[in-house]
Amino acid sequence: IGWSGKAFLSTSCCPKVCIVGSGPAGFYTAQHLIKARQDVEVDIYERLPVPFGLVRFGVAPDHPEVKNVINTFTQTAKHSRCSFYGNVNVGKDVTVGELQQAYHAVVLSYGAEGNRRVGVPGEDLRGVYSAKDFVGWYNGMPSCRELSPDLSCETAVILGQGNVALDVARILLSPLDALKKTDITQPALEALAESQVRKVLIVGRRGPMQVACTIKELREMVNLPGTRPEMVAADFEGVPEALKDLPRPRKRLTELLMKTAVEVPGDKELERRKNATKIWGFRFYRSPTEIFADPSHSRTAGIRLAVNRLEGSGERAQAVLTGEVEDVSCGLVISSIGYKSLPIDPSVPFDSRRAIVPNSVGRVHQAAGLYCSGWLKTGPTGVIATTMNNSFDTARSLLEDVDSGTLDISTGKPGSQIVSMLLEERGVKPVTFSDWEKIDSLEMRKGEACGKPREKLLTVEEMLKILHL
Amino acid sequence: MALVTAMRRLAQVSLREFSRRSTAVSWGAFHTAERSFTTGAQPLRSDNKVTVHFINRDGEKITVKASPGDSLLDVVINEDLDFDGFGACEGTLACSTCHLVFNEEMYKKLGPVTDEEMDMLDLAYGLTETSRLGCQICLTKSLEGMVARVPESVADIRQTKDGSA
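Rules and cut-offs
- Residues numbered from 1 in each chain as written.
- Chains lettered and ligands numbered in written order.
- Predicted model: local features only at pLDDT ≥ 70, side-chain atom pairs only at ≥ 80, totals over all residues.
- Heavy atoms only, no water.
- UniProt positions renumbered as here; feature names shortened; annotations may be inferred.
- Helix = DSSP H or I, 4+ residues; strand = E, 2+ residues; numbered from the N terminus.
- Rg over C-alpha atoms; globule rule 2.2 N^0.38 Å.
- Buried < 20%, exposed > 50% of the residue type's maximum accessible area, 1.4 Å probe, protein only.
- Contact = heavy atoms within 4.5 Å.
- Areas by Shrake-Rupley, 256 points an atom, 1.4 Å probe, with all protein chains shown as cover.
- Lys, Arg positive; Asp, Glu negative; His and termini not counted.
- Charge placed at Lys NZ, Arg CZ, Asp CG, Glu CD.
- Disulfide = S-S within 2.5 Å.

Looking at an unreviewed UniProt entry, one finds chain B named Adrenodoxin, mitochondrial and attributed to Ilyodon furcidens.

As annotated in an unreviewed UniProt entry, chain A is NADPH:adrenodoxin oxidoreductase, mitochondrial from Ilyodon furcidens. Turning to chain A, the UniProt record has this under Catalytic activity (unreviewed entry): "2 reduced [adrenodoxin] + NADP(+) + H(+) = 2 oxidized [adrenodoxin] + NADPH". Checking UniProt for chain A, the heading Pathway (unreviewed entry) contains the comment "Steroid metabolism; cholesterol metabolism."

And the structure:
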């Protein structure tokens, strides 16, 4: 483009960085950059009017402490060298190319908004949902508002045995009184109040020693009031012998799982289980091959599971088909086998096989001035602290490039000045951080009225209306 | 609007119309603003203080004086010790980023670990036999002169190598 950057603007030659996505990856990258150099200015763009990504839309409502990171993100957003622009869809309202021309560097941190498909017949029947959508629904993600999951069945099957699978199981079976005090959405609360789900199976391809969930979440299921565990003792053959060689974290997790599944409980626990009205359990060595419809073909009525055996052991153990199958009646199937990143701009390199932006320590391949952090960089696994480290690494790469001259900051860049003009011309109204704070206050006030930390606004229209945009 | 047109238009806009945020927030405020972790006011007499030595990730020793009753996370925050990413969940046992390593003798003095702490500690990067979470260790005079090492990284191990969720 033939404009002379020096002819106007340069308010300074301070490095201007644009970050796409305002979840943990975006905010931790921003935090690290702002702290490292006194002259860096960071603008964070977010598609929704509200920030924080999966901290708002992914973390379970009954895990409010995990959301404490929002306090740190808020401090970053309110820093003089940081600006937040919500309601801006990068790829549609403004291209990555335009951002690259406006800023010295662009960091893509927009995470994983898609999900891995199971890839079996019947996956699109009513009653079958991805965990991403189900979690988005009970957490008030605007795009999941219309999900209206059908909870009028007795048995639910969850595919996948990670922490998201356990979150879903826990929300399906939690006593309503506990959920009422969380920031779960009102429509979800009402649907769960009517729910007839009494049994939840958490199905995995491999065995007890390969579960991807962690012990805190397992313990929450074990201690969930009103529920009792029901598992297959035979699934634990060979496990006691293997325990002694396991590293402590895996050992404690497996011990708890085995104890819950196999051990005869003491009197108090026996009594508690007798009074339980809801059942949950892991089912191992099972892979879905088909989801069946009911006679009227209007919804799911069951799932066929192929029986596996393991080859190898530990993390690397592989599930191998035995040829046997098992059919399970159920009216709800929730696939929790992984989120997936999507490409948002054709000019950005994208590895469709791994569903990430190809990079080395956050530097996007064959794209000078372009970086990535968070799940878009490494794939959709790990908790907030993992993403934090990942984001710090990307920030370090960017700073190294500034120091080495690889990233040229000698010419001033217009940054948000130009982007704001483009957006205005295109009829896009960005939401500022103080706008978000108005939404935040309103949500908390509404929540207070019904004993909840907040009552989330559920549509983008509502959010913009509050702000008169 | 094409980018070129926008650029030319912008050149005509007076810089005075370009608003800047006026709030300057010091970096210290990042950690200490709006948080009160310390349990009540302690008189600042030196005989009521506990000396704590931290070894940071660069191997440097940092010595501070803290009040009995403070947790080690409180100390890190109150003294503005700049350990990257330390204490992300603000002491609520929802992460493992306040992971600290002690020598055997000191570890034994710290007493038993609850299941709750152990569950989160199990996820800490670089876990050792003498690891603890700083937010769960409350200072007493008997811990005078303790040395706490901040281990290499704060990554939770809840990311699998094969990329599955």
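A. Expanded view of the overall build of chain A. Counting its secondary structure elements, chain A contains 17 helices and 18 strands. For 469 residues, the compact-globule estimate of 2.2 N^0.38 gives 23 Å, and the C-alpha radius of gyration of chain A, at 24 Å, lies within 12% of that figure. Seen through its principal axes, chain A has C-alpha atoms that stretch 80 × 50 × 45 Å. Across the 469 residues that make up chain A, the buried fraction comes to 59%. Put simply, 74% of the contacts in chain A that link residues at least 6 apart link residues at least 24 apart. Element-wise, carbon and sulfur atoms account for 50% of the exposed surface of chain A, whose accessible area totals about 19,100 Å². Taken together, the 58 basic and 56 acidic charged side chains of chain A have centroids lying 2 Å from each other.

B. How the structure looks around the state of the cysteines. Residue and element names in this part refer to chain B. Following the criterion strictly, the structure yields zero disulfides over all chains and no others. Here Cys138 is not cross-linked by a disulfide; its sulfur's nearest cysteine counterpart is in Cys135, at 9.2 Å. Relative accessible area serves as the criterion here: at 45%, Cys138 is assigned to the partly exposed category.

C. The UniProt feature "domain: FAD/NAD(P)-binding" (unreviewed entry) in chain A, seen in detail. Here, UniProt's "domain: FAD/NAD(P)-binding" (unreviewed entry) annotation points to residues 16-172 of chain A. Secondary structure content for residues 16-172 of chain A is 32% helix and 18% strand, and the end C-alpha separation is 45 Å.

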